[in-house]
Amino acid sequence: MQVLSDQKLLNQYLSGDQSAISSLIERHKRRVREYIYMMVKDDNVADDIFQETFIKAIRVIDEGRYIDNGKFLSWILRIAHNQVIDYFRTCKQNKQVNESDTGYNILGSLRFAEKTIEDELVSSQIEQDIRNLVDLLPKEQREVVMMRYYSGLSFKEIAEQTDVSINTALGRMRYALINLRRMIKEKNLVLC
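Below is a short write-up of the structure. As the structure is a computational prediction, the values presented were derived from the model and not from experiment.

## Quick notes on the overall build of the protein chain
Inference 1: For the protein chain, the count of helices and strands is 10 helices and zero strands.
Inference 2: Buried positions account for 30% of the 192 residues belonging to the protein chain.
Inference 3: Of the contacts made within the protein chain by residues no fewer than 6 positions apart, 55% connect residues no fewer than 24 positions apart.
Inference 4: For the protein chain, the exposed area adds up to about 12900 Å²; of that, 52% sits on carbon and sulfur atoms.

## Some details on the packing of helix H9 (residues 155-162) against helix H10 (residues 166-186)
Inference 1: For the pair H9 and H10, interaxial distance at closest approach is 8 Å and the crossing angle is 105 degrees. Compared by their axis directions, H9 and H10 come out roughly perpendicular. Along the contact surface, H9 presents Phe155, Lys156, Ile158, Ala159 and Thr162, while H10 presents Ile166, Ala169, Leu170, Arg172 and Met173.
Inference 2: Grouping the amino acids of the contact of H9 with H10 by side-chain chemistry returns seven nonpolar, one polar and two charged.

## Looking at the nonpolar core
One recurring pattern in soluble globular proteins is that nonpolar side chains are buried together.
Inference 1: Counting 42 residues, the largest nonpolar core has Val32, Tyr35, Ile36 and Val40 as the members making the most contacts within it.
Inference 2: Residue assignment for this core shows that the elements contributing at least two residues are helix H1 (6-14), helix H2 (18-40), helix H3 (43-62), helix H4 (72-94), helix H7 (117-136), helix H8 (139-150), H9 and H10.
Inference 3: Per-element accounting of this core gives the leading share, nine residues, to H2.
Inference 4: With residues up to four places along the chain from it excluded, the contact list for Tyr35 reads Leu77, Ala80, His81, Met147, Leu153 and Gln161.

## Section: the pattern of salt bridges
Inference 1: Scanning the model with the defined rule gives nine salt bridges in all.
Inference 2: Here Arg33 and Asp47 are joined by a salt bridge, their closest N and O atoms 2.7 Å apart. Taken together, the positions of Arg33 in helix H2 and Asp47 in helix H3 put the pair 14 residues apart, joining distant regions of the chain.
Inference 3: Salt bridges here are not isolated pairs; linked through shared partners, they connect Arg33, Asp43 and Asp47.

## Details of H2
Inference 1: Over its 23 residues, H2 runs 30 Å from end to end, which matches the ideal 33 Å to within 8%, given 1.5 Å per residue.
Inference 2: Taking the largest bend as the criterion, H2 deviates by roughly 55 degrees, centred on Lys29.
Inference 3: Within H2, burial applies to Ala20, Ile21, Leu24, Ile25, His28, Val32, Arg33, Tyr35, Ile36, Met39 and Val40.
Inference 4: Once H2 ends, the next one or two residues include Lys41, with phi positive near 55 degrees.

## Here we look at the packing of H8 against H10
Inference 1: Orientation of H8 relative to H10, taken along the N-to-C sense of each, is 100 degrees, at an axis distance of 8 Å. Our classification of the angle between H8 and H10 gives roughly perpendicular. Residues Glu140, Gln141, Val144, Val145, Arg148 and Tyr149 of H8 pack against Ala169, Arg172, Met173, Tyr175, Ala176 and Asn179 of H10.
Inference 2: Considered class by class, the residues forming the contact of H8 with H10 number seven nonpolar, two polar and three charged.

## Re the packing of aromatic side chains
By convention here, two paired aromatic rings are described through the distance between centres and the angle between planes.
Inference 1: Using the criterion set out here, one finds five aromatic pairs in the structure.
Inference 2: Here Tyr66 and Trp75 contribute two aromatic rings whose centre-to-centre distance is 4.3 Å and whose plane-to-plane angle is 55 degrees, an arrangement assigned as tilted.
Inference 3: Taking the relative accessible area as the measure of exposure, Trp75 reaches 21% and is therefore partly exposed.
Inference 4: Between Phe72 and Trp75, the aromatic rings sit 5.6 Å apart at their centres with planes inclined by 50 degrees, giving tilted as the arrangement. In this pair, Phe72 and Trp75 are both assigned in helix H4, three residues apart and thus about one turn of the helix distant.
Inference 5: What links up through ring pairs into an aromatic cluster is the set Tyr66, Phe72 and Trp75.
Inference 6: The ring of Tyr175 has Arg174 sitting right over it, with the charged end atom 5.5 Å from the ring centre.

The rules behind the values
Residues numbered from 1 in each chain as written. Predicted model: local features only at pLDDT ≥ 70, side-chain atom pairs only at ≥ 80, totals over all residues. Heavy atoms only, no water. Helix = DSSP H or I, 4+ residues; strand = E, 2+ residues; numbered from the N terminus. Buried < 20%, exposed > 50% of the residue type's maximum accessible area, 1.4 Å probe, protein only. Contact = heavy atoms within 4.5 Å. Areas by Shrake-Rupley, 256 points an atom, 1.4 Å probe, with all protein chains shown as cover. Axes fitted to C-alpha atoms, helices over the stretch in contact; angles between N-to-C directions. Parallel < 35°, antiparallel > 145°, perpendicular 65-115°, else oblique. Nonpolar A, V, L, I, M, F, W, Y, C, P; charged D, E, K, R; others polar. Core = buried A, V, L, I, M, F, W, Y, C linked by side-chain atoms within 4.5 Å. Salt bridge = Lys/Arg side-chain N within 4 Å of Asp/Glu carboxyl O. Expected span 1.5 Å × (residues − 1). Bend = angle between axes of the 7 residues up to and from the residue. Phe/Tyr/Trp six-rings, centres within 6.5 Å; stacked < 30°, edge-to-face > 60°. Lys NZ or Arg CZ within 6 Å of the ring centre and 35° of its normal.

Purely geometric numbers; function is a separate question.
Structure, rendered in structure tokens:
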């Protein structure tokens, strides 16, 4: 059986074959869902964002605004990325706090058991100070830092998600680290 390209499936869908879009979603479902989960670390939220991603994609396709450049997966992952950013913006505006934000593990992980309250306070303050500094970085640098350190993406994945070369992604990280060191020095922060 011949496997149809993404573009052929899109063309079939636009010609009225509703099953073609289902095939396209099924083809990329695992990769998109894994990417979203890696960013949000919550199954229910990941499922919601996954659905929103494909609803938005189908709307764009239906409106004739999708331009095929042979990179459907990259396009759909960019939509997913933007949906994740919107989710975090909403959480920040609503001041929602979850367990991972607070560093509190409901199951009482042993790795926290031996730390003193002072250790926890210092660690929490350092994490908050770093996060505040990251928020001050230019958008492109902040995005690379978040994707690398908070989401664990490789520079290849970062380059694909941000639609730049690996060298550009590496350069943005380099400048982000330079800027972070400068801000730490200017603010006389002690991060140890």
